[in-house]
Amino acid sequence: MSKRTWKVERITVSAIVHSTEDKEKVGEAISTLFPFEFEIFVSEAKGHYGNPIKFLEVPVEDRRKIKEFWNYFIEKLEDRDLLLNLVEDIVDEFGVLHIRVDKQKAYQGKLELAYGGDCIAVKVKLVTYPSKREKFVAAAKELIEKGL
């Protein structure tokens, strides 16, 4: 068996709470992605039109928690094959796999990919050796297909 030449450094889950939304409900939607207890960090900002928004963020940095989160997340994700097909478009040159989950569906307990702006963002920071985009894409494909 060949040794893996990549790792997941961290995963960050985040969502914006618009002034028309309930922060607790957005937090519940985020909790659908997690198999364990976590802490949500909240920061306040202004939207494009000066409207107040809250930014919710959950960093996952412990190696064991990263593995537990990812395997749970990818198992529950309903459109995993579609995610695999999108990999080329959603891995950036810094090795971050950008996944958007439908916020409304997550609140209902379902994990589906989102296409609009109102989503839960899952950012997976990959580290490869060497650090090249082709390697990031290959690592992301393996991550989605096989888990951690």
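In what follows, the structure referred to is the one given above.
Residues numbered from 1 in each chain as written. Predicted model: local features only at pLDDT ≥ 70, side-chain atom pairs only at ≥ 80, totals over all residues. Heavy atoms only, no water.

Right, let's talk about the sheet that holds strand β2 (residues 41-46) for a bit. Spatially, the five strands line up as an open sheet ordered β2-β3-β1-β5-β4, and their pairing is antiparallel. Where the open sheet ends on each side, the last strands, each with one partner, are β2 and β4 (96-102). Ignoring strand direction, the axes of neighbouring strands in this sheet form an average angle of 25°. Across seven bridges, the pairing between strand β1 (residues 6-17) and strand β3 (residues 52-60) is antiparallel. Residue pairing in the sheet places Thr12 in a bridge with Pro59 of β3. Packing against the sheet, helix α5 (residues 133-146) makes contact with β1, β4 and β5 (119-128), and its axis sits at approximately 120° to β5. (Pairing = 2+ DSSP bridges. Helix = DSSP H or I, 4+ residues; strand = E, 2+ residues; numbered from the N terminus. Axes fitted to C-alpha atoms, helices over the stretch in contact; angles between N-to-C directions. Contact = heavy atoms within 4.5 Å.)

Summarising burial for β5: nine of the ten residues are buried, a large majority. As paired elements, β1 and β5 share nine bridges and run antiparallel to each other. Within β5, the residue paired with Thr12 across the bridge is Lys123. Here β4 runs beside β5; their pairing, made up of seven bridges, is antiparallel. (Buried < 20%, exposed > 50% of the residue type's maximum accessible area, 1.4 Å probe, protein only.)

Let's shift gears to the nonpolar core. Ranked by size, the top nonpolar core spans 41 residues in total, and within it Ile11, Val13, Leu33, Trp70, Phe73 and Val122 carry the most contacts. Counting residues per element, the ones that place at least two in this core are β1, α1 (23-31), β3, α2 (63-76), α3 (80-90), β4, β5 and α5. Those residues in contact with Phe73 that lie beyond four places of it in its chain are Leu33, Ile99, Val101, Leu111 and Val122. (Core = buried A, V, L, I, M, F, W, Y, C linked by side-chain atoms within 4.5 Å.)

Moving on, we get to the packing of aromatic side chains. Inspection of every chain in the model, using the stated rule, returns five aromatic pairs. Arranged with centres 4.9 Å apart and planes meeting at 55°, the rings of Phe34 and Phe69 form a pair that is tilted. In this pair, Phe34 is assigned in the loop between α1 and β2 and Phe69 in helix α2, connecting sequence segments 35 residues apart. Of the two residues examined, Phe34 and Phe69, each falls in the buried class. Taken together, a centroid distance of 5.7 Å and an interplanar angle of 10° make the contact between Phe69 and Phe73 stacked. (Phe/Tyr/Trp six-rings, centres within 6.5 Å; stacked < 30°, edge-to-face > 60°.)

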